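Here's the letter readout for the chains.
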Amino acid sequence: MDNSVANKSKNYTFFQNIERAKLFAKDPLGFQKKSFEEEGDCYYLKLGPKKIFVTRDAGVFAQVLQLNHKNYTKDFAMHQLSMALGNGLLTNDGESWLHQRRLAQPAFHKKRLEGMLGLMYEIALEHIKDLKSRTNHTSTFIDQEMMALTSDIAIQTLLGMKKNEELIYMQKSFVDIQEHIVKRIRRPFFIPLSYINGSHGKATTLIKSYDKIIYKIIDEKEKNPGENDLISMLLASRDEDTGEGMSKKQLRDELITIYVAGHETSGYTLSWAFYAISQNKEIYNKIKEEVKPIFEEGFNGIESIKKLVYTRQVVDETLRKYPTAYILSRQCKANDKTDDVEIPGDYVVLLSTFYLHRNTKFWKDPEVFDPERFGENGDKEAIRKAYYPFGGGPRMCIGNNFALWEITLVLAMMMYHFDFEYVENQKIEFQPLVTLKPKYGIQLNLKPIN
Ligand code: HEM
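Draft legend 1. Summary view of the overall build of the protein. On a plain count of helices and strands, the protein comes out with 20 helices and 12 strands. The C-alpha radius of gyration computed for the protein amounts to 22 Å, which stays within 12% of the reference 22 Å derived for 450 residues, consistent with globular compactness. Judged by the C-alpha coordinates and their principal axes, the protein covers about 65 × 55 × 45 Å. Split into buried and exposed, the 450 residues of the protein put 57% on the buried side. Within the protein, contacts between residues separated by at least 24 positions form 75% of all contacts whose residues are at least 6 apart in sequence. Working note: accessible area of the protein is about 20500 Å², and carbon and sulfur atoms make up 52% of it. If you average the places of the 62 positive and of the 60 negative side-chain charges in the protein, the two averages end up 4 Å apart.

Right, here's the structure in full:
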């Protein structure tokens, strides 16, 4: 039994703990890498008053997310996030979460999502046409393009709205709010300071301004409900026992949560996919070969998506090597254990998806980007035991099918409509905020074709 994690914590002096907390706040991925190499698959960290247990152990992932999930609640980080997201699905807990999840689930049913594919295709095509008019073998920040596109898809399919200035403002302002929240999570001492130096006030003003936008959308949808958008479905949903609908505040929280959770993760996954493909001509050519006949025939909804087999493997491999939800966190309620590891009761557990997906116990040559891992003769055991891009158990991502179809479709369409090359001498680095962002963006030379 490896019960050394809590004991190891005692080996650090007060000053060593402060130094480690500083290193973690400055470079969380670099700190994790070094600590896993030095201490094994689990280690301990003290962040101010918080005791943290960090792991890339597959057994602990299964235990926390699935086997004994009732022993874990959303933690301090999620409470910070609720400053912006309120009590939506991602941050909510217990009975209230279950109630909301049941109300929202039908909106994400596969059959219903199939009905959205045509609209997704149209939105992407419009964006591609516009992009073609702006590029001709010119350097383009593909991450900015993909974020704008996935935001547009979320706005139209989920909120049932057309893009407008207010919504663009909302998307941009969330980046500032995120930076503020991430600082509060990683540097708890920053919280009291943020009230003095004005940064908390600035963030709350931004949140109030996008609240106005969301409530306006809700009011409009109450008067003129749409047919297939999520907001109209949520407005019409009723509790089976009481017959009551969602309050306006709850609806605001769910919408902002789904908008935020649903476009940034997809936008950055697409960006990392383009980066990986731009580094490997064989993969690039193989996708090109697959997409050509499909779009020449004409897009045919789910039937076309099913034919994009290799493109989907590239998406799955992108989510392994560059998981945009790179870390999950939970508060452990009572002492728990797997066959090999003890999880101390009063700790925050940080599940490092980024490093589980690169753990050599499961993945051969994890630094190599290889879509064949997800092919017919792929790495089935690793996928079953050590692959959690959408989390797991009852709190698994509600939008995973939506995301996988959207990313596969947009990637395939872009590959059909453009040739591209990596722009040399740029700096590619991770910026792990709430999701895994490319710090300086990703530039490609785009040349319109087809
Ligand atoms: C590549 C894209 C995406 C990734 C990597 C991703 C990842 C995740 C992960 C890991 C979780 C679990 C968090 C936890 O256990 O603490 C989650 C939850 C969630 N995701 Fe996603 N997501 C993606 C796309 C989407 C989309 C498109 C939507 C909505 C349209 C969405 C909505 C949500 C919601 C509402 C939750 C909270 C579910 C609950 O706790 O009941 N996500 N996502």
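So, next bit.
Draft legend 2. Fine view of the sheet that holds strand 4 (residues 138–141). Read across the open sheet, the three strands follow the order 4-12-9; overall the sheet is antiparallel. A single partner strand is all that each edge strand has here, and the edge strands are strand 4 and strand 9 (418–422). Taken pair by pair, the neighbouring strands of this sheet meet at an average axis angle of 40°, ignoring direction. In this structure, strand 4 lies alongside strand 12 (residues 443–448), joined through four bridges in antiparallel fashion. Considered in strand 12, the bridge of Phe 141 is made with Gln 443. Sitting on the sheet, helix 8 (residues 117–134) touches strand 4, strand 9 and strand 12, and the angle it makes with strand 9 is about 60°.

Draft legend 3. Molecular detail of the site of the ligand. Contacts to the ligand come from 28 residues, most closely from Lys 74, Trp 97, Arg 101, Arg 330 and Cys 397. One of the backbone N or O atoms of Leu 89 is found 3.3 Å from an oxygen atom in the ligand. Contributing elements (two or more residues each) for the shell around the ligand: helix 6 (94–104), helix 14 (248–278), strand 5 (328–332) and helix 20 (400–417). The class makeup of the residues in the shell around the ligand is 17 nonpolar, seven polar and four charged.

Draft legend 4. Summary view of the pattern of salt bridges. Enumeration over the complete set of coordinates arrives at 27 salt bridges. One salt bridge in this structure joins Arg 252 and Asp 211, with 2.7 Å as the shortest N-O distance. Residue Arg 252 is located in helix 14, and its partner Asp 211 is located in helix 12 (residues 199–223); the two are separated by 41 residues in the primary sequence. Taking the relative accessible area as the measure of exposure, Asp 211 reaches 17% and is therefore buried. Each of Asp 211, Lys 249, Arg 252 and Asp 253 takes part in salt bridges that share partners, so that together they form one network.

Draft legend 5. How the structure looks around the coordination of the iron atom of the ligand. For the iron atom of the ligand, the protein contributes exactly one donor atom, Cys 397 (SG), at 2.3 Å. Relative to the elements of secondary structure, Cys 397 occurs in the loop between helix 19 (380–386) and helix 20.

Draft legend 6. A look at the packing of aromatic side chains. By the definition in use, this model includes 23 aromatic pairs. An angle of 40° between the planes, with centres 5.1 Å apart, marks the rings of Phe 61 and Tyr 388 as tilted. Separated by 327 residues along the polypeptide, Phe 61 in helix 4 (residues 58–67) and Tyr 388 in the loop between helix 19 and helix 20 bring together distant segments of the chain. The ring centre of Tyr 284 lies 4.0 Å from the NZ or CZ of Lys 281, which sits over that ring.

Draft legend 7. View of the nonpolar core. Residues Tyr 210, Phe 274, Ile 277, Phe 295, Leu 411 and Met 414 are the most contacted members of the largest nonpolar core, which totals 141 residues. For this core, the element with the most residues is helix 14, which contributes 14 residues. In this structure, Tyr 210 is in contact with Ala 84, Met 170, Ser 173, Phe 174, Ile 177, Arg 252 and Ile 256, ignoring residues within four places of it in sequence.

Draft legend 8. Focus on the environment of Leu 113. In this structure, Leu 113 sits in helix 7 (residues 110–114). Given the relative accessible area of 3%, Leu 113 is considered buried. Along the sequence, Leu 113 and Ala 334 sit 221 residues apart, while their C-alpha atoms lie 39 Å from each other. Excluding its chain neighbours within four sequence positions, the residues that come into contact with Leu 113 are Ala 107, Phe 108, Asn 401, Phe 402 and Trp 405.

Draft legend 9. Inspection of the packing of helix 9 (residues 142–158) against helix 20 at higher detail. As a packed pair, helix 9 and helix 20 sit with axes 12 Å apart at the nearest point and diverge in direction by 130°. Judged by the inter-axis angle, helix 9 sits oblique to helix 20. For the pair helix 9 and helix 20, the crossing hand works out as right-handed. Each of Ile 142, Met 146, Leu 149, Thr 150, Ile 153, Thr 157 and Leu 158 in helix 9 lies in contact with helix 20, whose residues at this interface are Phe 402, Glu 406, Val 410 and Met 414. Class assignment for the residues of the contact of helix 9 with helix 20 results in eight nonpolar, two polar and one charged.

Draft legend 10. Broad picture of the sheet that holds strand 1 (residues 42–47). Reading across the sheet, the five strands line up as 1-2-8-5-3 and stay open at both edges, with mixed pairing between neighbours. Two strands close off the open sheet at either side, each with one partner strand: strand 1 and strand 3 (72–73). For strand 1 and strand 2 (residues 50–55), the ladder comprises six bridges, and the chain directions are antiparallel. Across the sheet, residue Cys 42 finds its bridge partner in strand 2, namely Thr 55. Docked against the sheet, helix 4 engages strand 2, strand 3, strand 5 and strand 8 (348–351), running at close to 120° with respect to strand 8.

Criteria and cut-off values
Residues numbered from 1 in each chain as written. Predicted model: local features only at pLDDT ≥ 70, side-chain atom pairs only at ≥ 80, totals over all residues. Heavy atoms only, no water. Helix = DSSP H or I, 4+ residues; strand = E, 2+ residues; numbered from the N terminus. Rg over C-alpha atoms; globule rule 2.2 N^0.38 Å. Buried < 20%, exposed > 50% of the residue type's maximum accessible area, 1.4 Å probe, protein only. Contact = heavy atoms within 4.5 Å. Areas by Shrake-Rupley, 256 points an atom, 1.4 Å probe, with all protein chains shown as cover. Lys, Arg positive; Asp, Glu negative; His and termini not counted. Charge placed at Lys NZ, Arg CZ, Asp CG, Glu CD. Pairing = 2+ DSSP bridges. Axes fitted to C-alpha atoms, helices over the stretch in contact; angles between N-to-C directions. Near = heavy atom within 4 Å. Polar contact = N/O pair within 3.5 Å; in protein donor to acceptor, adjacent residues only side chain to side chain. Nonpolar A, V, L, I, M, F, W, Y, C, P; charged D, E, K, R; others polar. Salt bridge = Lys/Arg side-chain N within 4 Å of Asp/Glu carboxyl O. Donors = N, O, S within 2.8 Å, 3.2 Å for Na, K, Ca; no water. Phe/Tyr/Trp six-rings, centres within 6.5 Å; stacked < 30°, edge-to-face > 60°. Lys NZ or Arg CZ within 6 Å of the ring centre and 35° of its normal. Core = buried A, V, L, I, M, F, W, Y, C linked by side-chain atoms within 4.5 Å. Parallel < 35°, antiparallel > 145°, perpendicular 65-115°, else oblique. Left-handed = near helix turned anticlockwise from the far one by under 90°.

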